[in-house]
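One letter stands for each residue in the lines below.
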Number of protein chains: 2
Amino acid sequence: MISKACKYAIRATIFVASKKEEGIKLNIKDIAREVDAPEAFTAKILQVLNKTRIITSLKGPYGGFYIEDYQLQQPVINIVNALDGMSVFQECGLGLRQCSATHPCPMHDQYKIARDALQDAFQNTTIGQLAEQVNEGGSYINNLGY
Amino acid sequence: MISKACKYAIRATIFVASKKEEGIKLNIKDIAREVDAPEAFTAKILQVLNKTRIITSLKGPYGGFYIEDYQLQQPVINIVNALDGMSVFQECGLGLRQCSATHPCPMHDQYKIARDALQDAFQNTTIGQLAEQVNEGGSYINNLGY
DNA sequence: TCTATAAAAGATAAATTTATCTTTTATAGA
DNA sequence: TCTATAAAAGATAAATTTATCTTTTATAGA
Ligand code: FES
Ligand code: FES
């Protein structure tokens, strides 16, 4: 569906967002531990998130990752786009070179419904909303408690 | 979403199904050419499809691949299951070890809607229905005509 | 039985994704 | 300025998926 890197990215972003109120910066190690992702891979992913302005980073002592107000308002689809691109929301479900209503594959109608539902899910949810949910304790971004 | 192998598999199965009325057996080369997939890779995929009884094969002269009546009634999800397994319909959208309503990720509700829509699409469509659509000329299983 | 044909099986190889490790750059505070 | 710290950048490596090539097996018809 979406890549592993992208899933780590979303969880990491939610974690950083969920700590905004505390006004602290988070380092790679803490983020990787919290979201249960490999540390070095997480570092690479955080680079992308910073470069695409999903979150913000500062080097050096007292540095780390944090999120700014405008970034909380971004839809989660921006993270998907940063890591995987938008192709999952546009591709033909049966692998034709392009999805098109005028040259459709035989599953086009049914597949498009699901694909659009997926896009809506990521488009209509903001990073801030997800962080709030986590802070309220109703949902989780790691596998602890199993 | 689903693997490339699985997309080739679905297109190949639809092609074989669409030729059922002609009562002929199709060989690997013809199938690969029609669905615009690499020939050797298609051969591997057809092996799986035969082994999982999605289609039927016969070795030797006058051999090849064909589909039987009961196989036309199978839902497309059986092909997905044969190639990729069912995990795409069960996995957490944010990569938690397991999707669960009692230990949900913050996107669980929205994601589940899309994931279930995808499952419905593959579950409620049979191979025969797709083949019929192609035979009626309303949809396509290759990239010709671009 | 022999021959030709076509899929099955098995061994590799190429490409992509996931993951790790080392070196460089930026920056705060002493 | 110097030192320590933390991310960025770059070079590899491991794992998985996609793809190819060779050998074996099954089978129809001569
Ligand atoms: S053409 Fe296949 S999903 Fe649109
Ligand atoms: S827990 Fe993440 S989708 Fe269900």
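Now for a look at the structure at hand. (Residues numbered from 1 in each chain as written. Chains lettered and ligands numbered in written order. Predicted model: local features only at pLDDT ≥ 70, side-chain atom pairs only at ≥ 80, totals over all residues. Heavy atoms only, no water.)

What chain A contains, in helices and strands, is seven helices and two strands. Here the C-alpha coordinates of chain A stretch approximately 55 × 35 × 30 Å along the principal axes. Taken across its 146 residues, chain A has 49% of its residues classed as buried. With the model as given, the accessible surface of chain A reaches about 7200 Å², and the carbon-plus-sulfur share is 49%. Separation of charge centres in chain A, based on 15 positive and 15 negative side chains, amounts to 9 Å. (Helix = DSSP H or I, 4+ residues; strand = E, 2+ residues; numbered from the N terminus. Buried < 20%, exposed > 50% of the residue type's maximum accessible area, 1.4 Å probe, protein only. Areas by Shrake-Rupley, 256 points an atom, 1.4 Å probe, with all protein chains shown as cover. Lys, Arg positive; Asp, Glu negative; His and termini not counted. Charge placed at Lys NZ, Arg CZ, Asp CG, Glu CD.)

Our next topic: the relation of the copies chain B and chain A. Note on the identical chains: chain B maps onto chain A by a rotation of 180° and an axial translation of 0.0 Å, with an RMSD of 0.0 Å. Both chain copies can therefore be described as sitting about a two-fold axis. No C-alpha of chain B lies nearer the rotation axis than that of methionine 1 of chain B, which sits 1.7 Å from it. Mapped onto chain A, 98% of the interface residues of chain B again fall at the interface, so both copies present the same surface. (Least-squares fit on C-alpha atoms with pLDDT ≥ 70 in both. Contact = heavy atoms within 4.5 Å.)

Okay, the protein's contact with DNA strand D next. If you check the shell around DNA strand D, you find 26 residues, and the closest are Asn27, Lys44 and Ser57 of chain A together with Pro38 and Pro61 of chain B. The contact atoms of DNA strand D, taken as those within 4 Å of the protein, divide so that sugar and phosphate hold 63%. In the model, a base oxygen of DNA strand D is placed 3.3 Å from a nitrogen or oxygen of the proline 61 of chain A main chain. For DNA strand D, a phosphate oxygen lies 3.0 Å from a polar atom in the backbone of lysine 4 of chain B. Counting residues per element, the ones that place at least two in the surface near DNA strand D are α3 (39-51), β1 (56-58) and β2 (64-66) of chain A together with α1 (4-18) and α3 (39-51) of chain B. The leading source of residues in the surface near DNA strand D is α3 of chain A, at four residues. Considering only residue class, the surface near DNA strand D consists of twelve nonpolar, eight polar and six charged. (Near = heavy atom within 4 Å. Polar contact = N/O pair within 3.5 Å; in protein donor to acceptor, adjacent residues only side chain to side chain. Nonpolar A, V, L, I, M, F, W, Y, C, P; charged D, E, K, R; others polar.)

In this model, arginine 53 of chain A sits at a positive phi of 60°, which is unusual for a non-glycine residue. The residue arginine 53 of chain A is located in the loop between α3 and β1 in this model.

Residues Ile10, Leu118 and Phe122 of chain A together with Ile10, Leu118 and Phe122 of chain B are the most contacted members of the largest nonpolar core, which totals 91 residues. Ignoring anything within four residues of it in the chain, the contact list for leucine 118 of chain B reads Met1, Tyr111 and Ala114 of chain A together with Met1, Val88 and Phe89 of chain B. (Core = buried A, V, L, I, M, F, W, Y, C linked by side-chain atoms within 4.5 Å.)

Residues and elements named next belong to chain B. As enumerated under the stated definition, the model contains one cavity of 30 Å³ or more in all. Quantified by volume, the largest cavity comes out at close to 30 Å³. For the largest cavity, the full set of lining residues is Glu91, Cys92, Gly93, Cys99, Cys105, His108, Tyr111, Lys112 and Arg115. Residue composition of the lining of the largest cavity, by class: four nonpolar, two polar and three charged. (1 Å grid on protein atoms, 1.4 Å probe; cavity = no way out; pocket = protein on both sides within 12 Å on 5 of 7 lines; lining within 4 Å. Points joined across faces, edges and corners; volume = space filled by probe spheres on them.)

Every one of the 26 residues lining DNA strand C counts as a neighbour, but Pro38 and Pro61 of chain A together with Asn27, Lys44 and Ser57 of chain B are closest to it. The protein-proximal atoms of DNA strand C, defined as those within 4 Å of the protein, are 63% sugar or phosphate. One of the side-chain nitrogen or oxygen atoms of lysine 44 of chain B is found 2.7 Å away from a base nitrogen of DNA strand C. Between a base nitrogen of DNA strand C and a side-chain N or O atom of glutamine 47 of chain B, the distance comes to 2.9 Å. Those elements that provide at least two residues to the surface near DNA strand C are α1 (4-18) and α3 of chain A together with α3, β1 (56-58) and β2 (64-66) of chain B. Sort the elements by how many residues they give to the surface near DNA strand C and α3 of chain B lands first, with four residues. Here the residues of the surface near DNA strand C sort into twelve nonpolar, eight polar and six charged.

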